[in-house]
Amino acid sequence: MGHQVIIFDFSLIRGLWESRVKKSKERQRKEKERLEKSSLERIKQEWNFILECRKKGIPQSKYLKNGFVNTDEKILDKYGKIPQVHKKRALADEIEKERSKFVFQLSGEQWTEFPGSLKEQTYLKELHVSNTLIQTIPAYIALFQDLRILELPKNQITHLPVEIGMLDNLKARNYGFHYLKSVPPELGDCENLEKLDLSGNLEITELPFELSNLKQVTVVDVSANKFPSIPICVLRMPNLQWLDMSSNNLKDLPQDIDRLDQLQTLLLQKNKLTYLPRALVNMPKLNLLVVSGDDLVEIPTAICESTTGLKFVSLKDSPVETIVCEDTEEIIESEREREQFEKEFMKAYIEDLKERDSAPSYTTKVLFSLQL
């Protein structure tokens, strides 16, 4: 028997294969068209375009109109040629514009209360109100749960509402130069607070013990008030680095002041101190101590030794000539202005000390005067 030979017609097989390939390519083309027209692909293209614009520093206003992205490639060509410095400036402007959406600022004596529209802006992260005639903080302040900074200096606020304690995310508060006589214990609930400024109120004599809960505080400024001693709650703030107790009624310092082992700056000028405790020598990070030396009769020798690295500044208070006014409010206002001036002076003086590496560790009798 002979062998059977199977003969294939390759032309038929090739035609069948080419037909299948053609159909497959047609399906791929239609799928591609479908994807290009789909919302998901459109979003992907817009997002890639936005990323490219951001890389080139193109302002958002140039490619985003009324919430719609303009993906015109001419935008990339036009702004791609902008010098790098201009790109950075445009990006910085855009960032500042975005930041301003979350910052509220108010100033001027024409304001006697917060504007009604503020109640709707609960997304704010910063609230800055200064130099107004506003006397009260509205209770709806508790709604501002995203608030990080509450700056209310130089107004006429007479008390703080208990709702203040509900601002859990707050990091910095400034209630300086108001008419406060007390502080609510609820303030101690703001456990993320890092800076507390109650300066220039002239009437505060104590702080509630509940403020001991403020473990993250690094700066406390209670200058220009009537504290007879450093509040116990302040001594229990383990991360405190800056304490300003100037212009109060301090007669002595607590013997356990060295428990503030992170303290770096201690301002005590314009008080009634007659001696300084030796415990100050045991504060390892204390590098600046400012006092008014006229009433001091006892100072630990180690404080004045250059080996400690401590800059000890003893100020001399000169008599201040005050204009005699029949109106008590005018006298108080003059005192506020003087305290504010002296505060700015001390700030500049301290900055100068920090900049001078060769500054002496002991400075005595620095004349400190102001005439109104």
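### Section: the packing of aromatic side chains
- The tally for this structure, following the rule as stated, stands at two aromatic pairs.
- On the numbers, 6.1 Å between centres and 90° between planes, the contact of Phe-102 with Tyr-123 is edge-to-face. Separated by 21 residues along the polypeptide, Phe-102 in the loop between helix H5 (84-100) and strand S3 (103-107) and Tyr-123 in the loop between S3 and strand S4 (126-130) bring together distant segments of the chain.
- Since its relative accessible area comes to 39%, Tyr-123 is described here as partly exposed.
- Here the basic side chain of Lys-125 rests over the ring of Phe-102, its NZ or CZ set 5.3 Å away from the ring centre.

### Observations regarding the environment of Val-129
- By the element assignment, Val-129 lies in strand S4.
- Note on Val-129: relative accessible area 1%, which makes it buried.
- The spacing of Val-129 and Leu-106 is 23 residues in sequence and 4.7 Å in space, taken between C-alpha atoms.

### Some details on the side chain of Ser-246
- Position of Ser-246 relative to the elements: it lies in the loop between strand S9 (242-244) and strand S10 (265-267).
- In this structure the side chain of Ser-246 is engaged in a polar contact, spanning 2.6 Å, whose partner is the side chain of Asp-244.
- With near-sequence residues (within four places) excluded, Ser-246 lies in contact with Ser-223, Ala-224, Leu-267, Leu-268, Gln-269, Lys-270 and Asn-271.

### Section: the nonpolar core
- In terms of nonpolar packing, the biggest core is built from 63 residues, with Leu-207, Leu-243, Ile-257, Leu-276, Leu-280 and Leu-289 touching the most fellow members.
- Mapped onto this core, the elements with two or more residues apiece are S3, S4, helix H6 (232-235) and strand S11 (288-292).
- Sequence-distant contacts of Leu-289, that is, excluding residues within four places in its chain, are made with Leu-266, Leu-268, Leu-276, Leu-280, Ile-303, Leu-310, Lys-311, Phe-312 and Val-313.
- Core analysis: the second largest hydrophobic core is formed by nine residues, Val-290, Val-313, Leu-315 and Ile-350 among them.

Reading guide: rules and limits
- Residues numbered from 1 in each chain as written.
- Predicted model: local features only at pLDDT ≥ 70, side-chain atom pairs only at ≥ 80, totals over all residues.
- Heavy atoms only, no water.
- Phe/Tyr/Trp six-rings, centres within 6.5 Å; stacked < 30°, edge-to-face > 60°.
- Helix = DSSP H or I, 4+ residues; strand = E, 2+ residues; numbered from the N terminus.
- Buried < 20%, exposed > 50% of the residue type's maximum accessible area, 1.4 Å probe, protein only.
- Lys NZ or Arg CZ within 6 Å of the ring centre and 35° of its normal.
- Polar contact = N/O pair within 3.5 Å; in protein donor to acceptor, adjacent residues only side chain to side chain.
- Contact = heavy atoms within 4.5 Å.
- Core = buried A, V, L, I, M, F, W, Y, C linked by side-chain atoms within 4.5 Å.

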